[in-house]
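As a plain string of letters, each chain reads:
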Amino acid sequence: MSSPVPPPPEPPFLSMHTAVVLLTAVVIGLIIGGLTFLSDFSAPRAALAGLGASGLSVPMLRSLIR
């Protein structure tokens, strides 16, 4: 008798492309947020600038990173 065939491996939660795009967007958001905080020492403005930069960078990074 032959051994039973193992089930196929489960697909990853995120593809490598998605992980790289999201990680790069987070880094961009952290840099922009940090620079904004250093310019006017306002945490809410820095948080909004960082979130906006990371959110707006995702579509561009998605098309640039292939």
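In what follows, the accompanying structure is described. (Residues numbered from 1 in each chain as written. Predicted model: local features only at pLDDT ≥ 70, side-chain atom pairs only at ≥ 80, totals over all residues. Heavy atoms only, no water.)

**Re the overall build of the protein chain**
Now for step 1: Counting its secondary structure elements, the protein chain contains two helices and zero strands.
Now for step 2: The C-alpha atoms of the protein chain give a radius of gyration of 19 Å, which is well past the 11 Å a tight globule of 66 residues would have.
Now for step 3: In the protein chain, buried positions account for 18% of the 66 residues.
Now for step 4: Split by element, the accessible area of the protein chain, about 5500 Å² in all, is 75% carbon and sulfur. (Helix = DSSP H or I, 4+ residues; strand = E, 2+ residues; numbered from the N terminus. Rg over C-alpha atoms; globule rule 2.2 N^0.38 Å. Buried < 20%, exposed > 50% of the residue type's maximum accessible area, 1.4 Å probe, protein only. Areas by Shrake-Rupley, 256 points an atom, 1.4 Å probe, with all protein chains shown as cover.)

**Let's talk about the packing of aromatic side chains**
The description of two aromatic rings rests on the distance between their centres and on the angle between their planes.
Now for step 1: Tallied over the entire structure, the rule returns one aromatic pair.
Now for step 2: An angle of 80° between the planes, with centres 5.7 Å apart, marks the rings of F37 and F41 as edge-to-face. (Phe/Tyr/Trp six-rings, centres within 6.5 Å; stacked < 30°, edge-to-face > 60°.)

**A short note on helix α1 (residues 16–40)**
Now for step 1: Between its terminal C-alpha atoms α1 stretches 37 Å, which fits the 36 Å expected from 25 residues at 1.5 Å a residue.
Now for step 2: Those residues of α1 lying buried are V21, A25, G29, G33 and T36.
Now for step 3: The positive-phi residue at the C-terminal boundary of α1 is F41, with phi of around 55°. (Expected span 1.5 Å × (residues − 1).)

**Re the environment of P4**
Now for step 1: Its location among the elements puts P4 in the segment before α1.
Now for step 2: For P4, a relative accessible area of 72% gives the class exposed.
Now for step 3: Sequence-wise, P4 and F37 are 33 residues apart; in three dimensions their C-alpha atoms are separated by 59 Å.

**Here's the deal with the environment of R66**
Now for step 1: Among the secondary structure elements, R66 is positioned in the segment after α2 (43–64).
Now for step 2: At a separation of 3.5 Å, a polar atom in the side chain of R66 contacts the main-chain carbonyl oxygen of S63. (Polar contact = N/O pair within 3.5 Å; in protein donor to acceptor, adjacent residues only side chain to side chain.)

Any functional reading would require information that these geometric values do not contain.
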